[in-house]
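Each chain is listed here by its residues.
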Amino acid sequence: MPSAIRHNVGIASLIMMGSVFLSRIIGLLREMSVAYVGGAGVEVDAYQIAFALPEILNHVLASGFLSVTFIPIFTRYVLRNDPGQGWRVFSVIFCIFGAFAAAGTLVAMVFAPELVALAAPGAREPDVLAAAARMTRIILPAQMAFFAGGLFMAVQFAHGRFLLPALAPLIYNLGIILGGLLLGPWLGMEGFAWGVLAGALAGNLGLQIAGARRVGMRLRLAWAWRHPDVREYLRLTLPLMVGLSMTFSTEFLFRFFGSYLPAGGIAVLNFSLRVMLILVGVFGQAVGTASFPFMARLAEEGETAELNRLLNRTLRYLALVIPVSCLLMVVSTEVVRILFERGRFQPAATSLTAEALVYFLAGAVAFAANTVVVRGFYAARDTLTPALFGTLAVLGGLPIYLAGLALMGVPGVALAVSVSGILQAVVLYILWNRRSANTGQGEVFRFYLKMALLSLVLIPLLAGCRSLALEVIAASGLLADLAVTLLVGAAFLALMLLAGRILKVAEITDAASFFLRALGVRRPMSGGSGRLP
């Protein structure tokens, strides 16, 4: 892999990792605020149900995919040094699809009560459905900000600018927190809904307009719907609009099946899912977002072998999510108590949330890996394959949701999310390998097996460390939970570094060196190159 690409991906990954990490931390503060104000009760269930319809609209508009569908088109003009035509295509897509976004938002707001009832069929309480419909109407306009902001971020990514897009989720989550805390005393959970709208307008729209202007944005009214690149964009986007992605299916299905659980079931699933997604975001989302512009460039230049090397190397580092997930499984109770057990969030909710978290963590590595694998297809301008086979994998997992709901309740739904995610990630990686003649796939699978076996050894060792820490500390409360978590975490780091040296796992030592260099320590650790992809 050329050193320039590796260096650029590493720098971009560091920026996005920092952004995603801070976003997830602020996101945790958001969830902590929700838990404090609403606990794990019906008010939080209604708040979560209110996101179902906006999630559907966001998916139909493919707003979350704008950076991966538009970047390859726009990058082509950047490489050709033809900015005028690039900005013309940008304007056409903005105007045409923005009009559809506005129309969809308006229709959804008018029919919100009926659509909310369809999205959460298990919710029967009139007060819950009425509150969910009110908050849905508040949140829906934010989808316009996500659509426009997604395009503004895409042009920044195409020019190698990551800072302002990296700030968007931070501002978005801060808006939610401030809305809930400032308006909550008067509006209850609706305060958080208004915070969603304010955060989206500020972080995803306003800030990104400034960022797009910095890279020379030229936005004009343009309706040339017959332009070849509009057809190309529609060809790339249409499969994503009708297909079921991993992110969308997870967000929708946990609410759909959660609506059949007792009161508070959706809230518990949401809290545990958000903790798992911190891990996915810091590793998978950050690396996937940062590496995609480079993948798109390699695909545009026909460097398939180089693209495979970048993809495989990235996936090997993401395998480290497996042992980190096991660490969080061992200290799941302490983590949930630290984060949520205050205000209206009671110990019974802690126990159920911690149990669900364990099952969510079983699929964390699949969610992280999938963020990179699907981008290989997107870089090659193939959105049909991941949409088609991803949808088949989701549909194939529906019986698991039904069985998990019937047999295990809340943990069963969490387990179904993980199994479905693993199925999707494995299927898509196998398809990618066949498409691209990826000769390095065997090495990737063997490394994942190695990390899984290492984790099986780590779990009892870490569980023993936790038991010992509980005996030594012999106390309860926030400080005790923090102490136990830190002690077990320190043992985990020591065991991982030891395993990296003894087993000569370069990815472990490289990851450690990378983050040490990020902290200003320049000397790489022995046993690896000290570089991430």
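Look a little higher up for the structure.
Calculation rules
Residues numbered from 1 in each chain as written. Predicted model: local features only at pLDDT ≥ 70, side-chain atom pairs only at ≥ 80, totals over all residues. Heavy atoms only, no water. Helix = DSSP H or I, 4+ residues; strand = E, 2+ residues; numbered from the N terminus. Contact = heavy atoms within 4.5 Å. Phe/Tyr/Trp six-rings, centres within 6.5 Å; stacked < 30°, edge-to-face > 60°. Buried < 20%, exposed > 50% of the residue type's maximum accessible area, 1.4 Å probe, protein only. Salt bridge = Lys/Arg side-chain N within 4 Å of Asp/Glu carboxyl O. Core = buried A, V, L, I, M, F, W, Y, C linked by side-chain atoms within 4.5 Å. Expected span 1.5 Å × (residues − 1). Bend = angle between axes of the 7 residues up to and from the residue. Axes fitted to C-alpha atoms, helices over the stretch in contact; angles between N-to-C directions. Parallel < 35°, antiparallel > 145°, perpendicular 65-115°, else oblique. Nonpolar A, V, L, I, M, F, W, Y, C, P; charged D, E, K, R; others polar. Left-handed = near helix turned anticlockwise from the far one by under 90°.

Notes on the overall build of the chain
Assigned secondary structure in the chain consists of 23 helices and zero strands. Within the chain, residue pairs in contact and separated by at least 24 positions form 82% of the contacts whose partners lie at least 6 positions apart.

Brief notes about the packing of aromatic side chains
In the structure shown here, the tally under the stated rule is 22 aromatic pairs. Both rings, one in Tyr-47 and one in Phe-192, keep their centres 6.0 Å apart while their planes meet at 55°; by these two values the pair is tilted. Taken as a pair, Tyr-47 in helix α2 (residues 42–49) and Phe-192 in helix α10 (residues 190–214) lie far apart in primary sequence, 145 residues in all. Of the residues examined, Tyr-47 reaches a relative accessible area of 3% and is grouped as buried. Here Phe-256 and Tyr-260 contribute two aromatic rings whose centre-to-centre distance is 6.2 Å and whose plane-to-plane angle is 65°, an arrangement assigned as edge-to-face. With relative accessibility at 22%, the residue Phe-256 sits in the partly exposed group.

Quick word on unusual backbone geometry
We note that Asn-81 has phi near 55°; this positive angle belongs to a residue other than glycine. On the secondary structure map, Asn-81 appears in the loop between α4 (66–79) and α5 (83–110). The phi torsion at Lys-504 lies on the positive side, around 55°, for a residue other than glycine. Assignment of secondary structure puts Lys-504 in the loop between α22 (478–502) and α23 (506–518).

Observations regarding the pattern of salt bridges
Tallied over the full model, the rule gives 13 salt bridges. In this structure, Arg-316 engages Glu-443 in a salt bridge whose closest nitrogen and oxygen atoms are separated by 3.2 Å. Here the residue Arg-316 occupies a position in helix α14 (residues 304–318), and Glu-443 occupies one in helix α21 (residues 441–473), the gap between them amounting to 127 residues. Using a relative accessible area of 15% as the deciding quantity, one classes Arg-316 as buried. A salt bridge links Asp-382 to Arg-435; its shortest N-O distance comes to 2.7 Å. Separated by 53 residues along the polypeptide, Asp-382 in the loop between α18 (364–379) and α19 (384–408) and Arg-435 in helix α20 (residues 410–436) bring together distant segments of the chain. Take Asp-382: its relative accessible area is 10%, and that puts it in the buried class.

Describing the nonpolar core
Formed by 161 residues in total, the largest nonpolar core has its most connected members in Tyr-47, Phe-70, Met-276, Leu-315, Phe-340 and Tyr-448. Of all the elements, helix α13 (residues 265–300) adds the most residues to this core, at 19 residues.

Comments concerning α2
Among the eight residues in α2, six count as buried, and that is most of the element. Among the residues of α2, those classed as buried are Val-44, Asp-45, Ala-46, Tyr-47, Gln-48 and Ile-49.

Description of helix α9 (residues 163–187)
Here α9 contains 25 residues, and its C-alpha end-to-end distance of 34 Å stays within 8% of the 36 Å for a straight helix at 1.5 Å per residue. The sharpest bend along α9 reaches about 35° and sits at Leu-181, with the proline Pro-185 one to four residues further on. Immediately downstream of α9, the backbone of Gly-188 shows phi near 65°, a positive value.

Some words on the packing of α20 against α21
At a minimum axis separation of 11 Å, α20 and α21 run at an interaxial angle of 155°. Judged by the angle between their axes, α20 and α21 are roughly antiparallel. Contacts between α20 and α21 involve Tyr-429, Ile-430 and Asn-433 from the former and Gln-441, Val-444 and Phe-445 from the latter. Per-class residue counts for the contact of α20 with α21 are four nonpolar, two polar and no charged.

Brief notes about the environment of Trp-225
Its location among the elements puts Trp-225 in the loop between α10 and α11 (228–242). Here the alpha-carbon distance between Trp-225 and Val-89, two residues 136 residues apart in the chain, equals 10.0 Å. What Trp-225 contacts, discounting residues up to four positions off in sequence, is Ile-96 and Val-230.

Description of the side chain of Asn-204
On the secondary structure map, Asn-204 appears in helix α10. Setting aside anything within four residues of it in sequence, one finds Asn-204 in contact with Ala-145, Phe-146, Gly-149, Met-153, Ala-168, Tyr-172 and Gly-199.

Let's talk about the packing of helix α17 (residues 347–361) against α20
The contact between α17 and α20 brings their axes to 8 Å, and the two run at 20°. Considering the angle they form, α17 stands roughly parallel to α20. Two packed elements cross with a definite hand, and for α17 against α20 that hand is right-handed. Between α17, through Leu-352, Glu-355, Ala-356, Tyr-359 and Phe-360, and α20, the contact on the second element is made entirely by Val-410, Pro-411, Ala-414, Leu-415, Val-417 and Ser-418. Of the residues that constitute the contact of α17 with α20, the class distribution is nine nonpolar, one polar and one charged.

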